[in-house]
Amino acid sequence: MEKKEPVLQLKHVTKRFGEVAANEDISLDVYKGEILALLGENGSGKTTLMNLISGIYFPDEGEIYANGKQVVIASPRDAFSLDIGMIHQHFKLVDVLTATENIVLGLEEEGKLDLKKSAARIEEICEKYGFSMDPSKKIYDMSVSEKQTVEIVKVLYRGASLLILDEPTAVLTPQETQTLFGVLRNMKQDGKSVIIITHKLAEVLEISDRVAILRHGRYITSMDTDKVNAQELTDAMVGHAVSLNIERPIPKKPRDRIVVEGLTVKSEDGVVKLQNVGFHARSGEILGIAGVAGNGQKELLEAIAGLQPIESGSIRYLDEDGKEEELVGKDPQAIMELGVSLAFVPEDRLGMGLVGNMDLADNMMLRSFRNGKGIFTDRKAPRELAEQVVEKLEVNTPGIATMVRKLSGGNVQKVLVGREIANAPTVLLTAYAVRGLDIHSSYTIYDLINQQKKSGVAVVYVGEDLDVLLELCDRILVLCDGQVSGIVDARKTDKQEIGFLMTSVGGGTDAQ
Amino acid sequence: MLGFLIRFIPRAVGQGIPLMYGSVGETLTEKSGHLNLGTAGIMYVGGICGVIGAFLYETGRKTLNPFLGIAIPLVCCLVGSLLMGLLYCFLTVSLRANQNVTGLAMTTFGIGFGNFFGGSLIKLSHADLPSIALSKTSALFAAKLPFAGSLGWVGKIFFSYSFLAYAAILIALGVSYVLNHTRTGLNLRAVGESPATADAAGINVTRYKYTATCIGAMISGLGGLYYVFDYASGVWSNNAFGDRGWLAIALVIFTIWQPVHSIWASIAFGGLYILHMFIPAGTNLAIKEIYQMAPFLATILMLILTSINNKRENQPPASLGLSYFREDR
């Protein structure tokens, strides 16, 4: 590639959240008229970096240059004025307003509000880049891809010449993705620069001119897309495995506990979240589930726990004597009583499972409030349980009468996982159990999970960190785009294979 | 029939105007995402502040300067309700206090404030009755259009009102125009629907919330002023304002947050409110209370209808009653 003018340069940019450096010493150039793909694992700092450019966060160190001049981007408004526009993963649109109204929102144009004129300009933009959109349609009547179009047009309407798209294809169907790529190519022709964040290698190779790779908040390298292949990209993205020593006993007499066949789940707005998923979860074994966030992990666990409506397929539960029970159509309470326990740690930690304004003992009671005599609940047992959990898991709390929301994240997770385990489950479903925890707390949780495994519980462990999945699990199921792209023996596989499966829809063969 | 209408409509309008002010002010406030249940208190404060101003000016004067006679109570009323609005904003926008609790406290406070100063003025004026009569100021406020009398029944139904009544209609139309046809209105609606989106679009959310709530409070306050000086002919007696503030809040729901509908709906509510006075002679007067329930029944009916219809435009602003933290995004 011949030397081009950079439109945006980052020099030694660092952003810390508390002690954690989300971005460390990143230097990156973006050139005019190119599509740059930003690639990296979860938590490698891609979104943080883009938020720095679009004015959501402010860098702790380092400089940003736009068109050769040093600039300060302190708010989204500053970014607009530098012609930088970001399309967030979660759309920022007002539902009851029309597309046009959303697009002109907050703009200080000359003259009075003239929606007809604005709509005409919007149509012009749409025609120029090949969008199709009805400017007078209300947002709540729109599909996800239409909403995304509104977001992109909104940014173009403001005259952006550098567009940042944070995982734009995550919510799109393959056809919609192709339309979007067509639009992006048109923008490139028009001399605009595009930064696209994606996990899907195939898309990176298809759309981008250059790939920049981040790992653990650091800039690793950038490569011209036409000179690399998927394998090289995976290697650079994953880096070298850091060895963790997690105990992994050989499963004793594993028997099928949960059998899932042909499971298909759709979200409320009709997007397929899981497609024809099938696997066996066995007693005394940890089944890891790997995949880029949002590829159906949550839906899978919720479907088993009875919290997700199911389109088709079956989930059978087999007890000690081999008796089968169909879980589809059962209510969560009945599934729970069979011994299926769900410990899901959502991003906000308290969203599901615990009530922030209640104390430890009361939170324990959420599982047992039905026990007790007559109209009275049994308060003694949960209190004892809370004390046990605090002692055994070393929960750092002033007492069991402390409100859960006042505890730190790690302690909140210990309380949640502790309660689910205390239920003596036969199937333990955990998701992101160590999200945001420090090493010590993480290992406490791994130990807990291993203890469950040894006592014959079938554990399903959804994790983010591939290293941990490889060390902790017996088998790993890889999800990509709601489909099983492979089930591999964790003792015989490596990160490259998993990383490859994570980004290839339906690839690989069932290795069980 | 015409005779009945000529008697009924002007009275319904007289009842309706304070409600129109209250509901238009409250609608404007709610469009910014703030549910101000203090409206009743603010209307009360608006009324008593006008009374205080008029009392200080009128007492001891034989004739009033027409301009000052109107301007002093008007300014006092606006300042009083503005201060109430600012207090509400400070508590709910800046300190993010619970809006319902704050609003209810403001209503209690406003009524207490009104009764305290009302009581004091009654003492000062050495009146025989427990009320203050400010008839000279009232005469200025209640002045009707000069040609109303010469137009027969048309004049009586359409032109027999004071300037504050026409101002209420103009304000309702104006607020409606601003909300639906200007950039400011669009931004304000976005603030009430989704402050995070508005913030990301570069709109100053706090400024919009303060401005809308304070202007809303001032409009509501005018309702109290109209009530005292026009409807009640300048006679202030404690607690006479009654539950009109709540009726105004009910009207906001009834008009599905469209100030323009408030014009006819307020008058209709006013009519329902006084319907009991037109009960044919001879009926048991106990039934009167049932008549007075009519506006509230109409509101409940409207709530049921809009819920069944479930159209997104007819719902309250999506973030009504919620505080906004930028860090939450």
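I will try to describe carefully the structure that is included in this document.

Calculation rules
- Residues numbered from 1 in each chain as written.
- Chains lettered and ligands numbered in written order.
- Predicted model: local features only at pLDDT ≥ 70, side-chain atom pairs only at ≥ 80, totals over all residues.
- Heavy atoms only, no water.
- Axes fitted to C-alpha atoms, helices over the stretch in contact; angles between N-to-C directions.
- Helix = DSSP H or I, 4+ residues; strand = E, 2+ residues; numbered from the N terminus.
- Parallel < 35°, antiparallel > 145°, perpendicular 65-115°, else oblique.
- Left-handed = near helix turned anticlockwise from the far one by under 90°.
- Contact = heavy atoms within 4.5 Å.
- Nonpolar A, V, L, I, M, F, W, Y, C, P; charged D, E, K, R; others polar.
- Buried < 20%, exposed > 50% of the residue type's maximum accessible area, 1.4 Å probe, protein only.
- Pairing = 2+ DSSP bridges.
- Buried area = accessible area lost by both parts, 1.4 Å probe.
- Salt bridge = Lys/Arg side-chain N within 4 Å of Asp/Glu carboxyl O.
- Polar contact = N/O pair within 3.5 Å; in protein donor to acceptor, adjacent residues only side chain to side chain.

## Let's talk about the packing of helix H1 (residues 2-31) of chain B against helix H11 (residues 244-254) of chain B
Residues and elements named next belong to chain B.
- Remark: H1 packs on H11, axes separated minimally by 8 Å, with the N-to-C direction vectors making an angle of 55°. In terms of their interaxial angle, H1 and H11 are classed as oblique. Here the hand of the crossing between H1 and H11 comes out right-handed. Listed contacts from H11 to Gln15, Leu19, Gly22, Ser23, Glu26, Thr27 and Glu30 of H1 are Arg244, Leu247, Ala248, Ile249, Leu251 and Val252.
- When the residues that make up the contact of H1 with H11 are grouped by side-chain class, the tally is six nonpolar, four polar and three charged.

## Here's the deal with the pairing of strand S6 (residues 84-87) of chain A
Residue and element names in this part refer to chain A.
- Alternating positions in S6 separate into two faces, Ile84 and Met86 on one and Gly85 and Ile87 on the other, with burial throughout.
- Two elements, S6 and strand S7 (residues 162-166), share four bridges in a ladder whose sense is parallel. When the sheet's bridge partners are listed, Gly85 is paired in S7 with Leu163.

## A few points about the interface of chain B and chain A
- Across the boundary between the two partners, chain B contributes 19 residues, which contact 23 residues of chain A.
- Across the chain B to chain A interface the summed buried area is about 2000 Å²; carbon plus sulfur atoms make up 58%.
- The largest per-residue losses of area from chain B upon contact with chain A belong to Arg183(B), Leu186(B) and Arg312(B), which jointly make up 34% of the total buried on that side.
- Inspection of the region where chain B meets chain A yields one salt bridge.
- Between Glu101(A) and Arg189(B) there is a salt bridge, with its nearest N and O atoms 3.6 Å apart.
- If you look at where chain B meets chain A, you find two residue pairs in polar contact (both at pLDDT 80 or more).
- Here the side of chain B that touches chain A gets six residues from one element, more than from any other, and that element is helix H8 (residues 183-193) of chain B.
- Each residue belonging to the side of chain B that touches chain A can be placed in one class, and the counts come to seven nonpolar, six polar and six charged.

## Some points on the packing of helix H4 (residues 115-129) of chain A against helix H5 (residues 144-157) of chain A
Residues and elements named next belong to chain A.
- Two elements in contact, H4 and H5, have axes whose closest approach is 10 Å; the angle formed by their N-to-C orientations is 105°. In terms of orientation, H4 and H5 fall into the roughly perpendicular class. Contacts between H4 and H5 involve Ser118, Arg121, Ile122, Ile125, Cys126 and Tyr129 on the former and, on the latter, Val153, Leu156 and Tyr157.
- Taken together, the residues that form the contact of H4 with H5 break down as seven nonpolar, one polar and one charged.

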